[in-house]
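Okay, here's what each chain looks like letter by letter:
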Amino acid sequence: MSTPDTAPDTAPATSASPFSSSEAHPRFAEALRELGLQVEVRRFPDATRTAAEAAAAVGCELSEIVKSLIFEADGVPVLVLMDGSSRVDVELVRSELGAGKVRRAGADLVRETTGYAIGGVPPFGHVTRTRVLADRGLLNHAVVWAAAGTPHTVFPLDPKTLIGHAGATVVDVREQTA
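Owing to the predicted nature of the structure, the values given are computational and were not obtained by experimental measurement. (Residues numbered from 1 in each chain as written. Predicted model: local features only at pLDDT ≥ 70, side-chain atom pairs only at ≥ 80, totals over all residues. Heavy atoms only, no water.)

Draft legend 1. Spatial organisation of the packing of aromatic side chains. Inspection of the entire model under this criterion finds three aromatic pairs. On the numbers, 5.4 Å between centres and 35 degrees between planes, the contact of Phe-28 with Phe-124 is tilted. Here Phe-28 is found in helix H1 (residues 26-35), whereas its partner Phe-124 is found in the loop between helix H4 (107-114) and strand E5 (131-135), with 96 residues between them in sequence. Phe-124 matches Phe-28 in its accessibility class, with the two residues each being buried. Ring pairs connect the aromatic residues Phe-28, Phe-124 and Phe-155, which therefore count as one cluster. Note that Arg-27 overlies the ring of Tyr-116, its terminal NZ or CZ placed 5.4 Å from the centroid. (Phe/Tyr/Trp six-rings, centres within 6.5 Å; stacked < 30°, edge-to-face > 60°. Helix = DSSP H or I, 4+ residues; strand = E, 2+ residues; numbered from the N terminus. Buried < 20%, exposed > 50% of the residue type's maximum accessible area, 1.4 Å probe, protein only. Lys NZ or Arg CZ within 6 Å of the ring centre and 35° of its normal.)

This is the structure in C-alpha cells:
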C-alpha cells in the first residue's frame, strides 16, 4: 500500500494510510471494505490488461505483478495466482488438484466465476468462491501489484496478506525453464 510518492518496491504502509478504493471496480471496492483492507488503487489511462502493461505503468519488475488466472479442473473453476514473469505449468496444477484434466478457462467462464473480465480479475472479491492456488514465487517480493477489477486499475499489497485474503494454498505451479 505504497503512496504515489514512494517507490513501488517499498514495504506497504500501515493501516493509517489513506483509503482510496474509489478507482476500483465497485464489487472489488466492496470486497476491500468487507475485509477491512486499506489499499491505494491506481488508475491508468492506458490499459494494464497484461502483466507487461501493468509493470510498465506501475514502474515495477514484471515478477511483481500478480496474474489472477482461471482454469478448469475437471470442469470446476480454480484460480491460480502467478507472478507476471512466469507461466503456469498446467500439469503441476493438475497434479496439485488431483484432477484428470486442467485447461485454461474461456472468457465467459472467467466472467461467470469472478464477475470480472479477463485483464481485470483481482485475486479476491469474486462472485463465486473457488479454490485458489498461489505460486510460491509471489513470496519473493515485499510488495506485489494486482488488478483491482478493471483493465485500468491495480493495487499494491504484501504477498502474504494478498494470499491470505484470497484464501490461497501456496504451491509450486510455475513452469520451469530449461
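Draft legend 2. Broad picture of the sheet that holds strand E1 (residues 42-43). With antiparallel pairing, the three strands of this open sheet are ordered in space as E1-E7-E6. The sheet is open, and its two borders are formed by E1 and strand E6 (144-147), each paired with just one other strand. Pairing between E6 and strand E7 (residues 153-157): four bridges, direction antiparallel. Bridging from a neighbouring strand, Val-144 pairs with Leu-157 of E7. (Pairing = 2+ DSSP bridges.)

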